[in-house]
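Structure assessment
Each chain, letter by letter, is given below.
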Amino acid sequence: MSDMNEIAASDFRHAQRHIRLDTILRLRWLAVLGQLAAIFIVAQGLEFNVEIIPCVSIIALSAALNLALQTAANPMQRLEPMQAAGLLALNIVELAGLLFFTGGLQNPFSFLFLAPVLISATALPARFTFGLGLLAVACASLLFFFHFPLPWDSDDPLVLPPVYLVGVWLSIALAIGVTSLYSFQVTEEARKLADALAATELVLTREQHLTQLDGLAAAAAHELGTPLATIFLISRELEKTVKDPSFAADLKTLREQTQRCRDILSKITQLSSTGAPFDRMKMSELIEEVVAPHRDFGVEIKVRIAVAAAAEPVGSRNPAILYGIGNIVENAVDFARTTVEVNAWWNKDTIELVISDDGPGIPPDILNRIGEPYLSRRRTQDDGGGGRRGLGLGVFIARTLLERTGAKVSFTNRTFPEHGAVVQISWPRQRFEAIETHEETIG
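Residues numbered from 1 in each chain as written. Predicted model: local features only at pLDDT ≥ 70, side-chain atom pairs only at ≥ 80, totals over all residues. Heavy atoms only, no water.

This paragraph deals with the sheet that holds strand β11 (residues 421–428). The strand order across the open sheet formed by 5 strands is β4-β6-β7-β11-β10, and the pairing between neighbours is mixed. Pairing within the sheet leaves two strands with one partner each, and these edge strands are β4 (300–305) and β10 (408–413). Sheet twist, expressed as the average angle between the axes of neighbouring strands with direction ignored, equals 15 degrees. Across 7 bridges, strand β7 (residues 350–357) lies against β11 in antiparallel orientation. If you follow Val 354 over to β11, its bridge partner there is Gln 424. Running over the sheet, helix α10 (residues 319–335) touches β4, β6 (339–346), β7 and β11 and is turned about 25 degrees from β7. (Pairing = 2+ DSSP bridges. Helix = DSSP H or I, 4+ residues; strand = E, 2+ residues; numbered from the N terminus. Axes fitted to C-alpha atoms, helices over the stretch in contact; angles between N-to-C directions. Contact = heavy atoms within 4.5 Å.)

Bringing the environment of Arg 28 into the picture now. Along the chain, Arg 28 falls in helix α2 (residues 21–45). In this structure the C-alpha to C-alpha distance between Arg 28 and Leu 87, which are 59 residues apart in sequence, comes to 9.2 Å.

A separate point is the packing of aromatic side chains. Scanning all chains against the criterion turns up 7 aromatic pairs. Ring geometry for Phe 100 and Phe 148: centres 5.3 Å apart, planes at 75 degrees, overall edge-to-face. Here the residue Phe 100 occupies a position in helix α4 (residues 81–101), and Phe 148 occupies one in the loop between α6 (126–145) and α7 (162–241), the gap between them amounting to 48 residues. (Phe/Tyr/Trp six-rings, centres within 6.5 Å; stacked < 30°, edge-to-face > 60°.)

This part covers the pattern of salt bridges. Taken as a whole, this structure holds 8 salt bridges when the rule is applied. Where Lys 348 meets Asp 349, a salt bridge forms, and the shortest distance between an N and an O atom there is 3.3 Å. Here Asp 349 falls in the partly exposed class, since its relative accessible area comes to 46%. For Arg 399, the salt bridge identified is with Glu 403, shortest N-O distance 3.1 Å. With Arg 399 and Glu 403 both in helix α12 (residues 393–404) and 4 residues apart, the pair spans about one turn of that helix. Owing to a relative accessible area of 23%, Arg 399 belongs among the partly exposed residues under this scheme. Overall, Glu 403 belongs to the partly exposed group, its relative accessible area being 39%. (Salt bridge = Lys/Arg side-chain N within 4 Å of Asp/Glu carboxyl O. Buried < 20%, exposed > 50% of the residue type's maximum accessible area, 1.4 Å probe, protein only.)

Below, the structure is given as structure tokens:
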């Protein structure tokens with residue numbers, strides 16, 4: 001199970017981020033149309049004096065670049081992060097050029113510096129967002145000192161005090177920093193959740209394939225049974241008619257090996273048949289199957305089954321439950337100093353399983369976030385080791401699988417002065433005993 005967690009994490013966590021060229025071009029064309037509309041309204045509608053030729057020249061260069069990119073490259077291709085960041089940086093420079101001729105920071109459209117940085121925060125690695133943010137702030141700083149007058153009524157010119165412009169500059173800088181950081185964190189959380197869910201489906205599919213091997217074996221046994229029976233009969237008849245001792249010995253060997261193959265297939269068919277002993281299992285048998293692989297790691301595992309008046313619950317050998325409980329037991333063994341306890345009890349309505357260890361426990365700063373994807377912490381020497389101990393993707397997968405079977409999973413620490421983590425898993429008994437197949441758990 002730990003190997004599967006590592007595979008899932010490596011496959012999904014470090015995926016490259018790419019933006020399609022078509023997405024960038026759509027945004028750039030939208031900017032071109034918006035800029036032309038703004039200049040037309042100010043010059044014709046409001047009849048303000050605008051540096052039309054320089055502004056239209058900048059917009060025309062932007063449109064020409066858009067046309068060149070659409071012609072030279074496939075718009076559906078995904079850009080490398082560096083390429084996407086370069087185009088977003090060009091958007092910032094073009095906006096700075098337009099603002100230079102239209103009032104600098106006095107222009108209310110100066111807040112559009114935020115747009116390229118915000119796009120980067122949601123789609124590109126943090127270092128590119130940081131670089132674009134610095135570029136936007138640098139352009140805003142230059143526009144504070146160098147710009148043409150704001151287009152306005154010449155009979156009643158608008159004069160803004162320097163302190164107001166300082167406030168505009170500061171608000172742009174803070175908006176770029178705070179909004180981009182927030183967008184990056186929200187997007188990163190959504191990306192982690194999507195990646196972890198994909199990893200969960202991968203693990204669950206793998207477990208399902210393992211449980212389906214017995215069905216494939218039964219099908220193979222059925223298909224191979226007829227030709228093997230034919231070979232067995234022909235070899236036996238030939239053995240009776242052939243007089244040459246050397247041929248007779250070979251035919252006898254052939255018959256014996258054919259019979260051996262038939263016996264093996266017969267055993268496989270019996271193990272794979274519906275209603276076989278391992279298709280459904282008692283709660284105590286499920287616990288033992290989960291615990292058994294972890295008994296040889298120097299940690300004592302104590303299993304306690306409470307005596308109850310109700311009959312012991314019997315459920316399907318469900319891969320989601322086996323994997324989920326197994327992952328939690330594995331973590332408990334990993335963090336325990338000497339002992340892990342697995343306690344179970346039930347009544348006619350509820351089944352409860354409690355897994356606890358005598359390790360350092362779950363740190364308070366992550367206790368309320370346990371089960372989030374990719375949450376991890378390094379063990380200190382006081383914890384008994386220096387290696388990295390993850391509590392993220394594996395626990396997330398385990399919790400997701402168990403909750404899909406109807407379980408409620410909670411994480412706490414033992415009450416002081418005792419120490420160690422406690423994981424409580426509970427099912428409605430009717431739901432636990434009704435689970436038949438893997439498909440029902442993900443339906």
